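Architecture at a glance
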Amino acid sequence: MARILRISSSPRPRGCSTKIADAFVNEYVSINGSDVVDRIDLWSYDLPELDSVAIEAKYAVLRRANHSESERSVWRRIVDEAEKFKAYDKYIFSVPMWNWGIPFILKKYIDTITQPGLLFEWSPKAGYVGLVNKPVVAIYSSSFDYGEGSGMTGMDHQKRYFDHWLRVIGCRDIQSIVVAPTSAAFSESVVALEKAKQQAREIARIF
Ligand SMILES: Cc1cc2nc3c(=O)[nH]c(=O)nc-3n(C[C@H](O)[C@H](O)[C@H](O)COP(=O)(O)O)c2cc1C
């Protein structure tokens, strides 16, 4: 029995990335009925504040220094969150484009769990070594199409950044599904949604 974590960073219950993730999960569950799919909706999920205490706690770990009491308490929460993430076998992320990047709530999640010794290690000799080598499906949505031939690929800091993060933490088996354009101003948006749903179902069958 595999445990799958679905992480949503769109605040819209009927958003395009959500619809594609729903299609993916429905197909996956119909085939892998004994697997468990848990879901984190980041917009209603309690994350620790990355305030001065939390950041000093992180730097103390890097310096191998002792924590103060308040640092110990917030660091425990951060470690718990990273360990909760790592405990899953596979991941599904839905990632809308917000101002050419990812929604800040997803960045906050990444900043919380991406900790040395937990998601990655670094040494002068080896550089970054990721500690999470698990299969991932990343579902990307955007009003405009930033794909090859669009003339806008250089403006895309959504897929490029998120894919970079996945690789740094060690993921190698990464499947990307792009739903774009999603703006109702484009007639192609209906076709793009159907195409992405179809792709999601196909990937779900072999995930
Ligand atoms: C705050 C915000 C910023 C956005 N920035 C961009 C952008 O830079 N480029 C783009 O193509 N679409 C942008 N959009 C549109 C969304 O990417 C698009 O509507 C997408 O389908 C949203 O995904 P969802 O339906 O899963 O929530 C933005 C939307 C919001 C709310």
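In this text the structure is predicted, and so the values were computed from the model without any measurement.

1. Quick word on the overall build of the chain
A tally of regular secondary structure across the chain gives six helices and seven strands. Beginning at the N terminus, the succession of helices and strands in the chain can be written as β-α-β-α-α-β-α-β-β-β-α-β-α. Radius of gyration (C-alpha) of the chain: 18 Å, near the 17 Å computed for a compact globule of 207 residues. Expressed along its principal axes, the backbone C-alpha trace of the chain runs to roughly 60 × 40 × 35 Å. Expressed as a percentage of the 207 residues in the chain, the buried residues total 45%.

2. Considering the site of the ligand
Close contacts around the ligand come from 16 residues, with Ser10, Arg12, Ser17, Met97 and Thr182 the closest. Here Cys16 contributes a backbone N or O atom positioned 2.8 Å from an oxygen atom of the ligand. Between an oxygen atom of the ligand and a main-chain N or O atom of Met97, the distance comes to 2.7 Å. When the ligand is considered free in solution it has 640 Å² of accessible area, and contact with the protein chains removes 77% of it. Looking at side-chain class alone, the shell around the ligand contains seven nonpolar, eight polar and one charged residues.

Cut-offs used in this document
- Residues numbered from 1 in each chain as written.
- Predicted model: local features only at pLDDT ≥ 70, side-chain atom pairs only at ≥ 80, totals over all residues.
- Heavy atoms only, no water.
- Helix = DSSP H or I, 4+ residues; strand = E, 2+ residues; numbered from the N terminus.
- Rg over C-alpha atoms; globule rule 2.2 N^0.38 Å.
- Buried < 20%, exposed > 50% of the residue type's maximum accessible area, 1.4 Å probe, protein only.
- Near = heavy atom within 4 Å.
- Polar contact = N/O pair within 3.5 Å; in protein donor to acceptor, adjacent residues only side chain to side chain.
- Areas by Shrake-Rupley, 256 points an atom, 1.4 Å probe, with all protein chains shown as cover.
- Nonpolar A, V, L, I, M, F, W, Y, C, P; charged D, E, K, R; others polar.

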